[in-house]
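Fold and geometry: a report
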Amino acid sequence: MPLLRFLQTPQPDADLTRTYDAIVVGSGAAGGMAAHVLTSKGLEVLMLEAGKKLDLDRELKSMEWPYEHPRRGQMPPGHHALTLNEYTIRQPPYGAGQPYDKVYNYIQGGNGADYSRNFMVDEKDHPYTGTRYAWVRARTLGGKTTIWGRLALRLSDYDFKARRRDGYGEDWPISYKDIAPYYDRVDRYLGISGVAEHLPHLPDSIFQRPTRLTAAEATLRAKMAAMGRTVTPYRAGVTTDGLEHNKYRSRCFGRGACARRPGGCDIHAVFDSPTGLIYPAQDTGRLSLRTNAVVREVLVDERTGKASGVAFLDAETGRAYEARARVVVLAASTLESARIMLLSKSQAHPNGIGNSSGHVGHNFCEHIMGPGVRGLVKDRIGAPRTIDDGRPGGFYVPRFRNLKERRTDFIRGYGFEGSAGNSMFAASDQPGFGADYKKRVRDLSGAYIEMGGFGEVLARYENYVALDPNTTDRWGIPVLRFHYQFGDNEKKMCEDMANTAQEMFEAAGFEIVGVSRTPLTEGWSIHELGTARMGSDRRTSVLNQFQQSHDVKNLFVVDGSSHVSASCQNPTWTIMALAWRSCDYLAEEFRRGRL
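Notes on the structure follow. As the structure is a computational prediction, the values presented were derived from the model and not from experiment.

What counts and how
Residues numbered from 1 in each chain as written. Predicted model: local features only at pLDDT ≥ 70, side-chain atom pairs only at ≥ 80, totals over all residues. Heavy atoms only, no water. Helix = DSSP H or I, 4+ residues; strand = E, 2+ residues; numbered from the N terminus. Rg over C-alpha atoms; globule rule 2.2 N^0.38 Å. Buried < 20%, exposed > 50% of the residue type's maximum accessible area, 1.4 Å probe, protein only. Contact = heavy atoms within 4.5 Å. Areas by Shrake-Rupley, 256 points an atom, 1.4 Å probe, with all protein chains shown as cover. Lys, Arg positive; Asp, Glu negative; His and termini not counted. Charge placed at Lys NZ, Arg CZ, Asp CG, Glu CD. Core = buried A, V, L, I, M, F, W, Y, C linked by side-chain atoms within 4.5 Å. Phe/Tyr/Trp six-rings, centres within 6.5 Å; stacked < 30°, edge-to-face > 60°. Lys NZ or Arg CZ within 6 Å of the ring centre and 35° of its normal. 1 Å grid on protein atoms, 1.4 Å probe; cavity = no way out; pocket = protein on both sides within 12 Å on 5 of 7 lines; lining within 4 Å. Points joined across faces, edges and corners; volume = space filled by probe spheres on them. Nonpolar A, V, L, I, M, F, W, Y, C, P; charged D, E, K, R; others polar. Pairing = 2+ DSSP bridges. Axes fitted to C-alpha atoms, helices over the stretch in contact; angles between N-to-C directions. Parallel < 35°, antiparallel > 145°, perpendicular 65-115°, else oblique. Salt bridge = Lys/Arg side-chain N within 4 Å of Asp/Glu carboxyl O. Expected span 1.5 Å × (residues − 1). Left-handed = near helix turned anticlockwise from the far one by under 90°.

1. A closer look at the overall build of the chain
Scanning the chain from terminus to terminus reveals 12 helices and 18 strands. The C-alpha atoms of the chain give 23 Å as radius of gyration, which agrees with the globular expectation for 595 residues (25 Å, within 12%). Expressed as lengths along the three principal axes of its C-alpha atoms, the size of the chain is roughly 75 × 55 × 50 Å. By residue count, 62% of the 595 residues in the chain fall in the buried class. For the chain, restricting intrachain contacts to residue pairs at least 6 apart in sequence, the fraction spanning at least 24 positions comes to 74%. Taken as a whole, the chain presents about 23,000 Å² of accessible surface, with 48% of it coming from carbon and sulfur. For the chain, the centre of its 77 positive side-chain charges and the centre of its 69 negative side-chain charges are spaced 2 Å apart.

2. Brief notes about the nonpolar core
Ranked by size, the top nonpolar core spans 95 residues in total, and within it Met33, Leu38, Leu190, Val329, Leu330, Trp573 and Met576 carry the most contacts. The element contributing the most residues to this core is helix α12 (residues 572–591), with 10 residues. Setting aside anything within four residues of it in sequence, one finds Leu38 in contact with Ala22, Val24, Leu43, Val45, Val329, Cys583, Leu586 and Ala587. By size, the runner-up hydrophobic cluster in this structure holds 58 residues, among which are Leu56, Tyr104, Val397 and Met493.

3. Re the packing of aromatic side chains
Two aromatic rings are characterised by how far apart their centres lie and by the angle between their planes. As enumerated under the stated definition, the model contains 29 aromatic pairs in all. Measuring from ring centre to ring centre gives 5.3 Å for Tyr128 and Trp135, while their planes differ by 70°; the resulting arrangement is edge-to-face. The exposure class assigned to Trp135 is buried, which follows from its relative accessible area of 3%. Ring pairing ties together the aromatic residues Tyr87, Tyr94, Tyr106, Tyr128, Tyr133, Trp135, Phe364, Phe482, Tyr484, Phe486 and Trp524, which thus form one cluster. Over the ring of Tyr321 we find Arg290, and its NZ or CZ is 4.5 Å from the ring centre. Across the ring face of Tyr448, the terminal group of Arg374 is positioned such that the distance to the ring centre comes to 3.9 Å.

4. Describing empty space enclosed by the protein
Summary: where empty space remains is shown by rolling a probe the size of a single water molecule over the atoms. This model, assessed by the stated rule, comprises 5 cavities of 30 Å³ or more. Roughly 130 Å³ of volume is contained in the largest cavity. As for the largest cavity, its lining consists of 17 residues, and the residues nearest its centre are Cys252, Gly256, Cys258, Cys265 and Val270. Taken together, the residues that form the lining of the largest cavity break down as 10 nonpolar, 5 polar and 2 charged.

5. A few points about the pairing of strand β9 (residues 307–314)
Of all the 8 residues making up β9, 8 are buried; the element is thus mostly covered by neighbouring parts of the structure. Here 5 bridges tie β9 to strand β10 (residues 320–330), and the two strands are oriented antiparallel to one another. Bridge pairing in β10 links Ala311 to Glu322. If you look at the hairpin formed by β9 and β10, you'll find 5 residues sitting between the two strands, and Gly318 has a positive phi there, around 80°.

6. Looking at the packing of helix α6 (residues 176–190) against α12
The geometry of α6 relative to α12 is characterised by a closest axis approach of 8 Å and an angle of 110° between their N-to-C directions. Taken together, the axes of α6 and α12 lie roughly perpendicular to each other. Residues Asp178, Ile179, Tyr182, Tyr183, Arg185, Val186, Asp187, Tyr189 and Leu190 of α6 form the contact with α12, whose participating residues are Trp573, Thr574, Met576, Ala577, Leu578, Trp580, Arg581 and Asp584. Looking at side-chain class alone, the contact of α6 with α12 contains 11 nonpolar, 1 polar and 5 charged residues.

7. Side note on the sheet that holds strand β17 (residues 511–516)
The strand order across the open sheet formed by 6 strands is β6-β12-β13-β14-β11-β17, and the pairing between neighbours is antiparallel. Sheet topology places β6 (232–233) and β17 at the edges, where each strand pairs with a single neighbour. Across 2 bridges, β6 lies against strand β12 (residues 395–397) in antiparallel orientation. Residue pairing in the sheet places Thr232 in a bridge with Tyr396 of β12.

8. Some details on the pattern of salt bridges
Any two side chains of opposite charge can pair, given that their charged atoms come close. Taken as a whole and assessed by the stated rule, the structure comprises 42 salt bridges. Lys102 is the partner of Asp122 in a salt bridge, and the nearest nitrogen-oxygen pair spans 3.8 Å. Taken together, the residues Asp122 in the loop between β4 (102–104) and β5 (129–130) and Lys102 in strand β4 connect sequence positions 20 residues apart. Its relative accessible area of 8% is what places Asp122 among the buried residues. Glu511 is the salt-bridge partner of Lys378, the closest N and O atoms lying 3.4 Å from each other. A residue pair is termed long-range when its members are at least 10 positions apart, and Lys378 in the loop between β11 (367–376) and β12 and Glu511 in strand β17 qualify at 133 residues. Given the relative accessible area of 57%, Lys378 is considered exposed. Owing to a relative accessible area of 36%, Glu511 belongs among the partly exposed residues under this scheme.

9. Considering the sheet that holds β5
Reading across the sheet, the 3 strands line up as β5-β16-β15 and stay open at both edges, with mixed pairing between neighbours. Each of the sheet's edge strands pairs with one partner strand only, and the pair in question is β5 and β15 (464–472). Bridge count between β5 and strand β16 (residues 478–483): 2 bridges; the pairing is parallel. Within β16, the position partnered with Thr129 by the bridge is Arg481.

10. Things to note about α12
Think of an α-helix as turning once every 3.6 residues; residues three or four places apart then point the same way. A rise of 1.5 Å per residue sets the reference length of α12, with its 20 residues, at 28 Å; its end C-alpha atoms lie 28 Å apart and thus fit the reference within 8%. The element α12 is extensively covered by neighbouring structure, given that 16 of its 20 residues are classed as buried. Where α12 terminates, the next one or two residues include Gly593, which has phi positive at roughly 75°.

11. Let's talk about the packing of helix α1 (residues 29–40) against α12
At a minimum axis separation of 9 Å, α1 and α12 run at an interaxial angle of 35°. Crossing angle aside, the handedness with which α1 passes α12 is right-handed. The residues of α12 that touch α1, namely those facing Ala29, Ala30, Met33, Ala34, His36, Val37 and Leu38, are Thr572, Ile575, Met576, Ala579, Trp580, Cys583, Asp584, Leu586 and Ala587. Residue composition of the contact of α1 with α12, grouped by class: 13 nonpolar, 2 polar and 1 charged.

12. Some thoughts on the environment of Pro233
Following the sequence through the fold, Pro233 ends up in strand β6. Accessibility expressed as a relative area gives 6% for Pro233, which makes it buried. Taking C-alpha positions, Pro233 is 6.2 Å from Gly394, a pair spaced 161 residues apart along the chain. Filtering out sequence-adjacent residues up to four positions away, Pro233 remains in contact with Val195, Glu197, Thr211, Leu213, Arg221, Gly394 and Phe395.

13. Some words on unusual backbone geometry
Residue Pro93 is reached from Pro92 by a cis peptide bond, and omega for that bond is 15°. In this fold, Pro93 is placed in the loop between α3 (84–89) and β4. Positive phi is not limited to glycine here, since Lys61 has a value of about 50°. Within the element layout of this structure, Lys61 appears in the loop between α2 (56–60) and β3 (79–81). Judged by relative accessible area, which is 34%, Lys61 ranks as partly exposed. A positive phi angle, near 60°, is found at His268, a position not held by glycine. Relative to the helices and strands, His268 is located in the loop between β6 and α8 (273–282). With a relative accessible area of 3%, His268 lands in the buried category.

In structure tokens form, the structure reads like this:
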């Protein structure tokens, strides 16, 4: 719990009899940023969130020890987290036919899952169909930012202009210089820790105090420098120095259970959308919020073809409502925004709103993961315990493939996330029992180091989602059907990923304990992107460079669905920088009466 908890000032209720300046659908990174920017520009905004508003301080408990929880942090009986085997063998819908009361995605299988259980959707209520896909969804105020992994990276022109380098896909309609000022604003407003490395393919942020590398990580950094590769402290979306302009967040003290998965921070040193963006936006008096509002359609004025509001269902009562606004901003997540657009069929937009190109739902991309390495650092065996678990992250190895050299087996690149040192839960994979077993576990607990790769999945038109005509969710709304799988480029990239991971640990002098070479199920990275990409050609894209619909000028889609390609860097910081840039444009167009 924060040492000092600030109460919000009274907030205006959602008024469905009025016409707002803008409706924002979704409250995660993109929706929160849209609400922050638009209210700061003087617009009256209604935010609709499909999930409920939970008390983050009471749910997350990142300072709680396992022995303080009645089940050591585990979920109660009857609550089941899907396993890798289930994703591998079965086809969705994964909740169908399960004997459990509740069925959750795979991350609820980690330690401390009970702390995030109430954020996650029940797969029984939220089915999807088609090809295998591990779709992680949080329905709560703040969305997945309440439990995200915190890695906050920038993209560069190696990503925005990748086609110019290798001829594949499409370039983004923006360059790094267009978005750099907005990355800076996100850094200053939300806080980010890290170390400047001056890499052209991974631009530096405006960093606050970094977290320290452990001894083994420092060894890896020194050895990799000799190979021309960089190992840098985790670039975390965490304020380590504090933010004087935000009364809801505390600086990081490095003492939480940050290695517990899923994440979450009850002192809000880690960025989350409610305390970082939404509560400050509500304090302007210009943001109204309605939770449990499941948006199913963007409404259209048939006379003009423009968006006039949204139709939604109350998640608890099932009752139907409509809300009106001069501008509609979709920020419901990459896949849910595409679903809403496809559901929004009208005489003016028979294939779904904003879908004259036929590209809504297509060019779906993400990150592939699975290959990685685990090593043992022998000089750390039996070393005194250090407090490493309270760090928001370990280290990051930026991309090094296809920068200067050109490989013949795959295009684009990958990075590694990793960590070493002591954690709250010591590795217990040693054989034996009794006193000798306990001593060996203690001696080895801080001696392991591991890292796993995140690689770019190419955006392909044939990887897409569409509406399933035969399956609906708990509220009777058609669900998504997946048509998605990794291609040969990703598989060859994974082979190289495993080889280089092993190569780097061997070069550092670590004993190799295990090497993973198999890609995990599609969706495992939780980095869904594409489905409504930006572009200069309205025949092959859905949005312009300001995430504004080519077809409907008062419709904006500001989440990850607008991304043209996935790059290999985690997307949250880019989503927010783009949303800030687009909402600046939106507010100016609104002021000039052009929307």
